[in-house]
Amino acid sequence: MLCSNGKLAMTSATPGKTRLVNHFNINGKWYLVDLPGYGYAKMPPQEKAKLEAIIRDYLNHSEELTALFILVDCRHDVQKADLDFLGEVGGSDIPFYIIFTKGDKLGPVALQKRVEENVSQIREHLGKLYPGEEFQLKHFSSSAKSSLGRDEILSFIGEMLQQQTTTTT
């Protein structure tokens, strides 16, 4: 959706299809990295553990990781797997942002209400884990189908890249 190329990364209606770390070079300037999902997938526990190890290894050892976008399905309450992962990332130095996906599946009012509820739930969870920490929780609503949020997300990435270029020069 971000690259306006539906064939760039394969998707599936069934969770758990991404099993590798996939790097996409964007205009020769930056990389978009697609990690396996951490949540629901019908697979044996040892296979799920392998995927979790791949994710943790990348997050803990990537020297060029600038930001982590965590995708959360907006149609549901935040799932336990989401909260667990956010709890891990919240205790790290990795800057993270939330993208609520499938925004086209709800009307605008329902989407805003659901996102507000989910952000509140995430803040409450992180507040319990890390008392005294302030989590701004920058977030976006998106839809691969309608491109909802595309421009806002790309603009945000552009700002981050600009800040990174300014800081390193």
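Preceding this paragraph is the structure being described.
Residues numbered from 1 in each chain as written. Predicted model: local features only at pLDDT ≥ 70, side-chain atom pairs only at ≥ 80, totals over all residues. Heavy atoms only, no water.

1. Details of the packing of aromatic side chains
By convention here, two paired aromatic rings are described through the distance between centres and the angle between planes. Worth spelling out the cut-off: Centres within 6.5 Å make a pair out of two Phe, Tyr or Trp rings, where for Trp the six-membered ring is used; the pair is then stacked when the planes are under 30 degrees apart, edge-to-face when over 60, and tilted otherwise.
One pass over the full model with this rule turns up six aromatic pairs. Taken together, the ring pairs connect Phe69, Tyr97, Phe140 and Phe156 into an aromatic cluster.

2. Quick look at the sheet that holds strand β4 (residues 96-101)
To be explicit about the condition: For two strands to be treated as a pair, DSSP must find no fewer than two bridges joining them. Working definition: helices are DSSP H or I runs of at least four residues, strands are E runs of at least two. Numbering for both runs from the N terminus. Angles shown run from 0 to 180 degrees and are taken between the N-to-C directions of axes, each axis being a line fitted to C-alpha atoms and, for helices, limited to the stretch in contact. Any two residues whose heavy atoms approach within 4.5 Å at even a single point are treated as in contact.
Strand order across the open sheet formed by three strands is β3-β4-β5, with parallel pairing between neighbours. Since the sheet does not close on itself, it has two edges, and those belong to β3 (68-73) and β5 (139-141), each with one partner. Strand-to-strand twist in this sheet, taken as the mean axis angle between neighbours without regard to direction, amounts to 25°. Judged from the three bridges that link them, β4 and β5 form a sheet pairing that is parallel. By the bridge assignment, Ile99 is partnered in β5 with Phe140. In the packing of helix α3 (residues 108-129) onto the sheet, contacts are made with β3, β4 and β5, and the angle to β4 comes to roughly 145°.

3. Thoughts on the environment of Arg123
Its location among the elements puts Arg123 in helix α3. As a C-alpha pair, Arg123 and Asn22 span 101 residues in sequence and 30 Å in three-dimensional space. In contact with Arg123, other than residues within four places in its own chain, are Phe135, Gln136 and Leu137.

4. Considerations on the nonpolar core
Burial of nonpolar side chains together is a common tendency in soluble globular proteins. Here is the rule we go by: To qualify as a nonpolar core, a set must consist of buried Ala, Val, Leu, Ile, Met, Phe, Trp, Tyr and Cys residues joined through side-chain atoms within 4.5 Å. Note on exposure labels: buried denotes an accessible area under 20% of the residue type's maximum, exposed denotes more than 50%, and partly exposed covers the range between, all computed with a 1.4 Å probe on protein chains only.
Among the nonpolar cores identified, the biggest contains 25 residues, and Leu68, Ile70, Phe96 and Ile122 are the most heavily contacted of them. Of all the secondary structure elements, the ones that give two or more residues to this core are α1 (45-61), β3, α2 (80-90), β4 and α3. Per-element tally for this core: the top contributor is α3, with five residues. In contact with Ile70, other than residues within four places in its own chain, are Tyr38, Phe85, Leu86, Val89, Phe96, Tyr97, Ile98 and Ile99. By size, the runner-up hydrophobic cluster in this structure holds 12 residues, among which are Ile26, Ala67, Ile153 and Ile157.

5. With respect to α2
Where α2 is concerned, the buried positions are Asp82, Leu83, Phe85, Leu86, Gly87, Val89 and Gly90. For α2, the secondary structure elements touched by its buried residues are α1, β3, β4 and α3.

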